[in-house]
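Each chain, written out:
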Amino acid sequence: IFGLLPSIIWLLFFLRKDAHPESKGQITKVFLWGMLVSLPVAFVQLGAAEYFCPQGCTQLNLSTLLYAFLGIAFVEEFFKYLVVDDRVLFGPKILKGTVLSESEFDEPLDAMLYMIIAALGFAGLENILYLLSSSRLIEIFILSLLRFAGAVLLHALCSGSWGYFLALSFFKPKSRVKLFTVGLLIAVTAHGIFNLSLKNMENSIEITKNLITNESAINIVDFSSFAGSIILVATILIGLSIFTWQGFRKLKKMKSICLPH
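### A short note on the nonpolar core
Step number 1: Counting residues in hydrophobic clusters, the biggest one holds 59 residues, and the most contacted among them are Phe14, Ile117 and Leu120.
Step number 2: Where this core is concerned, the elements lending two or more residues are α1 (5-15), α2 (24-52), α3 (62-84), α5 (109-131), α7 (151-171), α8 (176-203) and α9 (223-252).
Step number 3: With sequence-adjacent residues up to four places away left out, Ile117 is seen in contact with Leu11, Leu15, Ile27, Val30 and Phe31.

### Examining the confidence of the model for the protein chain
Step number 1: For the protein chain, the mean per-residue pLDDT works out to 85, and 85% of the residues sit at or above 70.
Step number 2: The secondary-structure element of the protein chain with the lowest mean pLDDT is helix α4 (residues 87-90), recorded at 58, while α1 shows the highest, at 95.
Step number 3: Contacts from residues 93-97, a stretch scored under 50 in pLDDT, to residues over four places away or in other chains number ten contacts.

### Re the side chain of Ser229
Step number 1: One can find Ser229 in helix α9.
Step number 2: Of note is the side chain of Ser229, whose polar atom sits 2.7 Å from the side chain of Asn200.
Step number 3: Those residues in contact with Ser229 that sit more than four places away from it in its chain are Ser197, Asn200 and Met201.

### Digging into the environment of Phe74
Step number 1: The residue Phe74 is located in helix α3 in this model.
Step number 2: Along the backbone, Phe74 and Gly192 are 118 residues apart, and their C-alpha atoms lie at a distance of 8.2 Å.
Step number 3: Ignoring sequence-local partners within four residues, the contact set of Phe74 consists of Phe69, Leu184 and Val188.

### Structural notes on α7
Step number 1: The end-to-end C-alpha distance of α7, which contains 21 residues, comes to 31 Å, matching closely the 30 Å that a straight helix rising 1.5 Å per residue would cover.
Step number 2: Across the 21 residues that make up α7, a large majority, 20, are buried.

### With respect to the pattern of salt bridges
Step number 1: Under the criterion given, the structure shown has three salt bridges.
Step number 2: Between Glu77 and Lys80 there is a salt bridge, and its shortest N-O distance comes to 3.0 Å. Of the two residues, Glu77 and Lys80 are both situated in helix α3; the distance of three residues between them amounts to about one turn of the helix.
Step number 3: Of the charged contacts in the structure, one is a salt bridge between Arg147 and Glu126, with a shortest N-O distance of 2.9 Å. Taken as a pair, Arg147 in helix α6 (residues 137-149) and Glu126 in helix α5 lie far apart in primary sequence, 21 residues in all. Side by side, Arg147 and Glu126 carry an identical accessibility label, which is buried.

### Some words on a nonpolar patch on the surface
Step number 1: Where nonpolar side chains cluster on the molecular surface, the patch consists of Trp33, Leu36, Leu39, Ile128, Leu129 and Leu132 and spans about 600 Å² of accessible area.
Step number 2: If you tally residues by element for the nonpolar patch, the top one is α2, at three residues.
Step number 3: Following the sequence through the fold, Ile128 ends up in helix α5.

### Here's the deal with α1
Step number 1: Regarding α1, the residues found buried are Pro6, Ser7, Trp10, Leu11 and Phe14. Down the axis, α1 shows its buried residues gathered within 130° of arc, on one side only.

Reading guide: rules and limits
Residues numbered from 1 in each chain as written. Predicted model: local features only at pLDDT ≥ 70, side-chain atom pairs only at ≥ 80, totals over all residues. Heavy atoms only, no water. Core = buried A, V, L, I, M, F, W, Y, C linked by side-chain atoms within 4.5 Å. Buried < 20%, exposed > 50% of the residue type's maximum accessible area, 1.4 Å probe, protein only. Helix = DSSP H or I, 4+ residues; strand = E, 2+ residues; numbered from the N terminus. Contact = heavy atoms within 4.5 Å. pLDDT = per-residue confidence, 0-100. Polar contact = N/O pair within 3.5 Å; in protein donor to acceptor, adjacent residues only side chain to side chain. Expected span 1.5 Å × (residues − 1). Salt bridge = Lys/Arg side-chain N within 4 Å of Asp/Glu carboxyl O. Patch = residues over 30% accessible without salt bridge, like charges linked within 9 Å, V, L, I, M, F, W, Y side chains within 5 Å. Areas by Shrake-Rupley, 256 points an atom, 1.4 Å probe, with all protein chains shown as cover. Arc of directions from axis to C-beta.

Written out as structure tokens, the structure is:
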């Protein structure tokens, strides 16, 4: 429940942006595909961690950067994208069953919306797996709340930003590769910096445990680094939020019907 609740709340929020609501069946299907795609991502990331950081990514170096941007950010963003658009793997002919080939994909805004739905499904299962490491209800609640305002929102905004460029590509076929690349770079860069900032925050915190009272205390050992990471995380989320809202507003003005083929 706590793993899925953040995704459900954000899903209901973003669905209100659509003036022509999609069917519940379509929304559910894309959401579930987003959840399922997180499983192969987990295996790919295990291999990436072993390749880039066999001893663990404890220091900020080239291997850590490659793992953060390629092994995590790129892999997650790319697989979420494949839920909506698989042409990059299977060529320009859209396979039967892909979201873009269905009749409900009938306006530019849907590209952003479906990308966000897939991302929230992905974040939902990711949350469940993440929260399995916690045993106390209060810890689960706090982690769920933090991820609601952080990781879950980031997934939605990164995919939504890429979805904006995907929508534009239908109107500018000659610039399709350029738009695809720009959307991918924005999503991966924001995602990678966000993850590195969180890692730096973790490194700035020292957790001590009182053996007598069995209570834990959190001490910030590097306040300037911790504060800088918080500012950077907030900047990324606010910046992506503004870009996404502007994207929704612009796409709503495009009255043309999207024809994927």
